[in-house]
Amino acid sequence: MNDHAHDLGAVREATERLLSAAGTWDDAAVAEPSRLPGWSRGHVLAHLSRNADALANVLRGLPMYASSETRDRDIERDGPRPLAEQLADLRDSGARFLAAAGEPGDWSRTVTLRNGVTDSASRVPFRRRIELELHHVDLGVGYELEDLSDEFVTREIAFLADRFAGHPDVVATALTDEDGREWSTGGGAEGASAAVRGPAAGLLGWLSGRRDGSALTVTTGRLPALPPL
């Protein structure tokens with residue numbers, strides 16, 4: 001069940017947490033590499049700012065980005081900016097997203113995202129929350145997957161498991177965390193099924209491409225190689 005009001009509150013909290021963390025940096029720190037190949041921390045912050053505007057577009061029934069080329073060009077343009085400009089942009093774009101979310105609208109309506117993906121408007125706030133939380137981890141500043149709330153982690157595991165469900169390159173895979181919670185994914189590829197167990201944060205790291213899964217226990221079959229998100 002999507003609770004957009006809850007997720008909007010969590011978006012506000014995640015934005016402030018990120019702004020507070022980044023506010024302790026200097027210009028040299030923002031130019032350092034992030035954990036994402038080829039991106040500095042500034043590129044990550046620029047992406048988050050442009051994503052806020054893009055999701056505001058989605059809520060207003062507009063194209064998420066003018067084009068993939070425009071999206072990439074804007075991130076490359078904004079990535080090298082000094083810290084003060086990055087923080088102001090992240091704060092202002094976040095406010096624009098919340099303003100768009102505050103406009104009257106039917107939260108059950110279907111909206112269109114990048115590459116023709118469709119979803120319920122009610123899940124757009126959670127999508128923004130995903131961007132903020134996972135990219136905060138990508139900055140490599142001491143905020144890790146284990147620091148994410150259990151509520152967020154379990155929902156994001158379910159979100160990603162659903163995303164890979166039926167994927168033609170992923171065999172049927174059962175996921176179980178240390179608390180006994182279960183998810184299933186894959187199933188579109190031929191071959192022996194797999195069963196994977198581990199901490200919820202470890203499962204999330206593997207599903208999101210942020211960890212290689214070596215810390216997980218494979219009880220049946222082999223750990224599938226997941227395609228890029």
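Our subject is the structure listed above.
Computed from a predicted structure; not experimentally measured.

Caption draft 1: Quick look at the packing of helix α3 (residues 41-59) against helix α6 (residues 124-138). Running from N to C, α3 and α6 point in directions that differ by 180°, and their axes come no closer than 11 Å. On the basis of their axis angle, the class for α3 and α6 is roughly antiparallel. Judged by residue contacts, V44, H47, L48, N51, A52, L55, V58 and L59 of α3 engage V124, R127, R128, E131, L132 and H135 from α6. For the contact of α3 with α6, a count of residues per class yields eight nonpolar, three polar and three charged.

Caption draft 2: Focus on the pattern of salt bridges. Evaluation of the coordinates by the stated rule reveals 24 salt bridges. The salt bridge involving E133 is made with R17; its shortest N-O contact spans 2.7 Å. A residue pair is termed long-range when its members are at least 10 positions apart, and E133 in helix α6 and R17 in helix α1 (residues 4-22) qualify at 116 residues. Assessed through its relative accessible area of 6%, E133 is described here as buried.

Caption draft 3: Focus on the environment of A200. Relative to the assigned elements, A200 resides in helix α8 (residues 200-207). When its relative accessible area of 14% is taken as the criterion, A200 is described as buried. For A200 and E178, which are 22 residues apart along the polypeptide, the C-alpha to C-alpha distance reads 7.0 Å. Non-local contacts of A200, meaning those with residues more than four positions away in its chain, are made with V153, I157, D177 and R181.

Here is what the cut-offs are and how they apply
Residues numbered from 1 in each chain as written. Predicted model: local features only at pLDDT ≥ 70, side-chain atom pairs only at ≥ 80, totals over all residues. Heavy atoms only, no water. Axes fitted to C-alpha atoms, helices over the stretch in contact; angles between N-to-C directions. Helix = DSSP H or I, 4+ residues; strand = E, 2+ residues; numbered from the N terminus. Parallel < 35°, antiparallel > 145°, perpendicular 65-115°, else oblique. Contact = heavy atoms within 4.5 Å. Nonpolar A, V, L, I, M, F, W, Y, C, P; charged D, E, K, R; others polar. Salt bridge = Lys/Arg side-chain N within 4 Å of Asp/Glu carboxyl O. Buried < 20%, exposed > 50% of the residue type's maximum accessible area, 1.4 Å probe, protein only.

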